[in-house]
Amino acid sequence: MFETVFRSADLPPAERFEAWRQLAFASNGPTEVRTDYASDFDVTLRMLELGPVQVSMFTCPPLHSDRTPKLIRQSDPELYHLALAQRGSVTIDQAGRQAAADAGGLTLSTTSRPYLGQLIADQDRDRGEVTSVQALIPRALLPLPADAVDRLVAVGLPTREGLGALFAQFIARLATDTTHYAPADATRLGGVARDLAASLIAHHLGGDRVLPPETHQQTLGIRVHAFIHRHLGDPRLGPDLIAAAHHISPRSLHRLFQSQGTTVTAFIRHHRLERARSDLADPRLATRPIHAIAARWGFGRPADFTRAFRTAYGLPPSEYRHLALPDGPGTPR
């Protein structure tokens, strides 16, 4: 995974703002940027190249950005820009509208139209900082009509639940920690970000009917997986509950998992066992009974858990814990 980390503290104060500006806006096309803190610009920036999709996270002082018609004529990378405010707020003026997003809010803009952007620190801070996570997605890669998407620029997109929450959580976590991903995962992760963005935008344009079938299926798979991970500890979790939660038939759910080379039951069992295995190897949980760990991850019968664990990993959970924590305290069996 191609990752760039920029810390202004590594440069002399006089060079910090311009170095950050050139790096941060290289993908956005030429943009005028103004700030009252240019003489000593304290900023951190982390950028991930996920194939043609870019995800970045930065913390910096307040600033203004202006992409004028003249600058667009000079160069237009033709990107959609989704900005998630995490600290402070982000405002976008574009297409005759203004969207203001406080912490947790999401805005959409495009590099192909003039805009005014502003990063505003919290009022109760002296100087303050703004933190934002951003996703840049080529317009040509979003499987939606451009004229329809443009109706949502400078419109706040909610992130408290549903697809908005899923997209926000995905890009925020990705921008914070990539330790569990290999370089070969980059393009796939970019595809996930694109499909989630497309589904979120389609939802606000009037539903999934504007999405191609393959994008709808990919996004449905992401939503179903996220639902399963959130409810692994619920012993009732199964095909009927999952299908009902996503307003599809159990048969459609089974077809979805068949296309992924597995079954609903196998997927749930695998991830429950992985969570239980992680708990068994956690020194902080060394005194927690094994049956309690099993119950925590949805196994109602200890014997069923032991049998499934032995089948998956080749040894019973008690022996696995003993090997994983050889120097730990005695553990209840």
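In case you missed it, the structure is sitting above this.
Residues numbered from 1 in each chain as written. Predicted model: local features only at pLDDT ≥ 70, side-chain atom pairs only at ≥ 80, totals over all residues. Heavy atoms only, no water.

The next subject is the packing of helix α4 (residues 162-176) against helix α5 (residues 186-205). In contact at an axis separation of 9 Å, α4 and α5 are set at 155° when each is read in the N-to-C sense. By the angle class used here, α4 and α5 are roughly antiparallel. Between α4 and α5 lies a crossing whose hand is left-handed. When α4 is examined against α5, the residues L163, G164, L166, F167, F170 and L174 are found in contact with a partner set consisting of L189, V192, A193, L196, A197, S199, L200 and H203. Looking at the contact of α4 with α5 residue by residue, the class counts come to 11 nonpolar, three polar and no charged. (Axes fitted to C-alpha atoms, helices over the stretch in contact; angles between N-to-C directions. Helix = DSSP H or I, 4+ residues; strand = E, 2+ residues; numbered from the N terminus. Parallel < 35°, antiparallel > 145°, perpendicular 65-115°, else oblique. Left-handed = near helix turned anticlockwise from the far one by under 90°. Contact = heavy atoms within 4.5 Å. Nonpolar A, V, L, I, M, F, W, Y, C, P; charged D, E, K, R; others polar.)

Within strand β5 (residues 63-67), four of the five residues are buried, leaving the element largely enclosed by the surrounding structure. Bridge count between strand β2 (residues 32-34) and β5: three bridges; the pairing is antiparallel. Paired with R34 across the strands is H64, a residue of β5. Bridge analysis of β5 against strand β10 (residues 115-120) gives five bridges, and the strand direction is antiparallel. Residue pairing for β10: L63 is matched across the bridge by L119. (Buried < 20%, exposed > 50% of the residue type's maximum accessible area, 1.4 Å probe, protein only. Pairing = 2+ DSSP bridges.)

What follows deals with the pattern of salt bridges. Per the counting criterion, the structure on display carries 14 salt bridges. A salt bridge links D234 to R236, with the shortest nitrogen-to-oxygen separation between them at 2.9 Å. Using a relative accessible area of 65% as the deciding quantity, one classes R236 as exposed. The partner of D279 in a salt bridge is R296, and the shortest N-O contact between them spans 2.7 Å. Of the two residues, D279 sits in helix α9 (residues 264-280) while R296 sits in helix α10 (residues 290-296), which places them 17 residues apart along the sequence. Relative accessible area serves as the criterion here: at 8%, D279 is assigned to the buried category. (Salt bridge = Lys/Arg side-chain N within 4 Å of Asp/Glu carboxyl O.)

As far as function goes, none of this settles anything; it's purely spatial.
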